[in-house]
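One-letter residues, chain by chain:
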Amino acid sequence: MRMGTIPSGAGRGALGGLLAILVLSGGTASADSGIANVTFTWTDRLGNPHPIGYAWTDGFYNTTLSSNNSGGTPGFMPGSGVAVYTGSALIGNLDFFGTIYSNYGIGGVEWFRIRDAGGNTYSQRWPSAGFYTTTGPLGDNFGFGVDNNTYQNASYGIGQALMFADRYAGNRLGASAPFFFVDYDSTLTGSFYNKFGPAAGNSRIRIDRNDWASWDVVMHEFGHHVAAWNNLDASPGGDHNIEGDNIGGTGAPAALGADQGSKLAWGEGFGTYLGLTAVKYGNLAAAIPGLPADEYDTWYDDYDSSGTRALNYNHLNFSLNIERPEGLRGGANPNGSNAGTYVLRTLRGEGSEYSVMTAMWDYCDDANEAHSFSVYHAKTQRWCSDRVNYGDIDAWNRVITANGGSKTFRDYWTNITADAGTATGRGKISGLATMQKDEAVAALGESLEAAGIANVPVSPDGDSAPLNTRRPTFSFQEQNSSNSNFFRVLVFSNDWATLVHGSPVINDATFALSLLDYTPTVDLPLGTFWWVVLNSPATANLADIDTNAERYAMYWSGARRFTLIPTPGAVAILGLGGLLAARRRRS
């Protein structure tokens with residue numbers, strides 16, 4: 001059978017096929033035929049066995065001491081982990097053995113292959129020595145279990161993680177993910193992805209020798225593969241920290257500047273985002289049941305096995321929640337539930353992969369929740385909410401790839417604010433398709449505040465008393481790790497139909513995470529209004545954002561409501577005027 005490669009954009013078959021049992025026959029079963037039913041399992045980090053799915057296997061019947069005849073090969077076996085072999089052989093010579101390879105695919109189409117750093121594809125003979133003996137045409141049941149005690153054996157678990165992610169991307173999203181190689185053995189340090197040229201089959205995923213049990217890391221690297229083949233990646237690569245600002249260098253290995261730093265943050269954030277959306281929307285719990293509990297949650301877990309094959313939370317490098325900025329380190333918990341020492345994590349804006357992935361998750365996930373761990377407690381004593389629920393498919397089809405593929409968070413923001421200009425897009429924001437575009441964009445801005453990308457409006461706020469000045473001072477807190485140079489304040493009518501006031505572009509490159517003030521030089525009308533504060537992407541120039549029509553090219557905060565009433569003197573004069581008018585009417 002000739003091995004093929006996945007064509008661009010091809011699907012992987014329905015996830016429901018995971019429970020199918022494949023039976024291929026090399027000939028008609030008869031008295032001189034043998035049938036072997038073989039169950040294959042791999043072992044997770046807690047020691048639990050699971051069926052090996054979609055790996056290549058081959059079975060043989062021994063007829064002489066010097067030659068082997070194929071007993072009918074099932075090729076890529078289904079997700080059940082059961083392969084059935086039927087083959088003809090001489091009576092009394094029905095000895096049977098086989099090989100399982102780390103080639104993964106289905107229907108003769110190979111998706112990927114796992115090998116050592118020398119390029120040798122992993123495979124194992126079963127039994128390891130000698131033969132099984134079949135008893136006749138009714139068949140015999142044999143089992144072949146792969147533990148995780150060697151690098152070759154651990155590679156089969158890595159294959160299951162990649163198989164699941166690959167099927168999610170191809171089946172559910174329709175993403176292009178052509179054939180790739182996976183390098184993994186005891187000599188490798190660091191996990192990364194490299195496309196290596198434009199042709200399918202040149203791509204490489206390398207898995208760190210201690211990352212075999214870190215399924216989130218493995219699927220993150222596959223996310224890079226999807227990004228590379230779907231015009232979503234221009235990352236320079238290199239060292240990075242998940243909470244670091246790659247633009248200015250705060251908490252990061254290097255300051256890469258606006259262009260390269262924002263591209264690195266996007267590439268890394270997207271990889272994690274795709275892996276965790278696969279877990280949720282591809283339904284890993286149903287596809288591969290019985291895994292450690294933390295494989296099914298919204299936490300990105302990075303384990304360091306350091307040669308250990310039974311892992312718990314003592315072996316964590318870190319664990320971060322994509323839903324909200326909290327994390328944990330350490331804390332023994334062999335049962336796999338998230339427990340340990342929790343700390344509030346740092347969100348440093350568009351140059352940080354953690355900010356990128358949390359904002360993307362807010363827009364994708366279908367749960368609208370209050371961010372009780374967000375920045376608002378210290379700055380406004382107000383929680384911000386995730387009001388957006390695109391779902392993974394709409395986020396992919398209508399947002400991420402809307403105008404040729406996002407390569408920075410700025411590209412992504414441009415896509416999603418444009419979608420807010422449509423009734424369908426607005427319908428994904430709290431289900432209110434009838435709202436004004438600016439109101440919808442401000443709702444999107446709430447998630448940017450929580451992710452540390454947008455500035456935070458502090459005062460005036462509707463929770464305080466109405467103001468009796470026509471020129472209120474608007475105070476806002478800078479975020480985005482001080483990488484924004486341009487700012488604006490916009491005031492909208494209570495129904496969002498009118499832009500009542502737009503400040504000039506405030507240009508100051510020296511702002512450094514400080515509380516900033518803006519006071520209009522003209523009187524605002526009386527009434528109730530909404531206001532938002534805008535900050536520029538790090539890559540923006542003044543010419544990009546200097547008109548009201550280009551206001552969506554800046555990052556928006558969520559909205560704050562406030563009311564302006566007449567001054568006390570104006571109220572007295574108004575009362576006197578009303579009294580005089582009343583007297584005239586009585587005359």
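This is a predicted model, so every value here is computed, not measured.

Definitions and limits used
Residues numbered from 1 in each chain as written. Predicted model: local features only at pLDDT ≥ 70, side-chain atom pairs only at ≥ 80, totals over all residues. Heavy atoms only, no water. Buried < 20%, exposed > 50% of the residue type's maximum accessible area, 1.4 Å probe, protein only. Helix = DSSP H or I, 4+ residues; strand = E, 2+ residues; numbered from the N terminus. Pairing = 2+ DSSP bridges. 1 Å grid on protein atoms, 1.4 Å probe; cavity = no way out; pocket = protein on both sides within 12 Å on 5 of 7 lines; lining within 4 Å. Points joined across faces, edges and corners; volume = space filled by probe spheres on them. Axes fitted to C-alpha atoms, helices over the stretch in contact; angles between N-to-C directions. Left-handed = near helix turned anticlockwise from the far one by under 90°. Contact = heavy atoms within 4.5 Å. Nonpolar A, V, L, I, M, F, W, Y, C, P; charged D, E, K, R; others polar. Salt bridge = Lys/Arg side-chain N within 4 Å of Asp/Glu carboxyl O. Phe/Tyr/Trp six-rings, centres within 6.5 Å; stacked < 30°, edge-to-face > 60°.

Colleague: A description of the pairing of strand β23 (residues 486-493) should follow, citing residues and the corresponding values.
Modeller: Burial runs high along β23: eight of the eight residues are buried. Across seven bridges, β23 lies against strand β27 (residues 527-535) in antiparallel orientation. Its bridge partner lying in β27, R488 is registered against L534. Sheet topology note: the β23/strand β24 (residues 499-502) ladder contains three bridges and is antiparallel. Each bridged residue has a counterpart across the sheet, and for F492 the counterpart in β24 is L499. Hairpin connection between β23 and β24: a loop of five residues separates the two successive antiparallel strands, and W496 in this loop has a positive phi of roughly 65°.

Colleague: A description of empty space enclosed by the protein should follow, citing residues and the corresponding values.
Modeller: In the structure shown here, the tally under the stated rule is five cavities of 30 Å³ or more. Each pocket or cavity is described by its volume, and for the largest cavity that value is around 100 Å³. Forming the boundary of the largest cavity are 16 residues, of which W42, D44, R45, W212 and W215 lie nearest the centre. By residue number, the principal contributor to the lining of the largest cavity is helix α1 (residues 151-173), which donates four residues.

Colleague: So, the packing of helix α5 (residues 353-364) against helix α10 (residues 437-450): which residues are in play, and what are the values?
Modeller: For the pair α5 and α10, the least separation of the axes is 8 Å and the interaxial angle reads 145°. With respect to the hand of their crossing, α5 and α10 are arranged in right-handed fashion. Counting all contacts with α5, which are made through A359, D362 and Y363, the residues of α10 involved are L444, G445, S447 and L448. Counted by class, the contact of α5 with α10 contains four nonpolar, two polar and one charged residues.

Colleague: So what about the layout of surface pockets? Which residues, and what values?
Modeller: Approximately 880 Å³ is the volume attributed to the largest pocket. Taken together, 33 residues line the largest pocket, and the ones lying closest to its centre are S191, F192, E221, H240 and E268. Counting only elements with at least two residues in the lining of the largest pocket, the list comes to β15 (192-194), α2 (215-228), α3 (257-281), β17 (299-303) and β18 (316-321). No other element matches α2, which puts five residues into the lining of the largest pocket. Looking at the lining of the largest pocket residue by residue, the classes come out as nine nonpolar, 13 polar and eleven charged.

Colleague: Explain the pattern of salt bridges residue by residue, including any values.
Modeller: Following the criterion strictly, the structure yields 15 salt bridges and no others. Notably, a salt bridge pairs D259 with K263, separated by 3.2 Å at the nearest N-O pair. Of the two residues, D259 and K263 both sit in helix α3, four residues apart, roughly one turn of that helix. Take D259: its relative accessible area is 37%, and that puts it in the partly exposed class. For D394, the salt bridge is made with R398, and the minimal N-O distance between the two is 3.2 Å.

Colleague: Can you lay out unusual backbone geometry for me, pointing to particular residues and giving the numbers?
Modeller: A cis amide bond links W126 with the next residue in sequence, P127, at an omega value of -10°. Among the secondary structure elements, P127 is positioned in the loop between β11 (123-126) and β12 (132-133). Following S459, the chain continues to P460 via a peptide bond in cis, the omega torsion being 5°. On the secondary structure map, P460 appears in the loop between β21 (456-459) and β22 (474-477). Phi angles above zero are rare outside glycine, and Y54 is one such case at about 65°. Secondary-structure assignment places Y54 in the loop between β4 (49-51) and β5 (55-62). Non-glycine residue N231 carries a positive phi angle of around 60°. In this fold, N231 is placed in the loop between α2 and α3.

Colleague: So what's going on with the packing of aromatic side chains? Residues and values would help.
Modeller: Counted under the stated rule, the structure contains 35 aromatic pairs. Ring centres 5.9 Å apart and planes at 50° place the aromatic pair F96 and W126 in the tilted group. Here the residue F96 occupies a position in strand β9 (residues 95-106), and W126 occupies one in strand β11, the gap between them amounting to 30 residues. By the burial criterion, F96 is buried, and W126 matches it. Consider the rings of F97 and F131, whose centres lie 5.7 Å apart with planes at 70°: the pair is edge-to-face. With a gap of 34 residues between them, F97 in strand β9 and F131 in the loop between β11 and β12 connect regions that are remote in the sequence.

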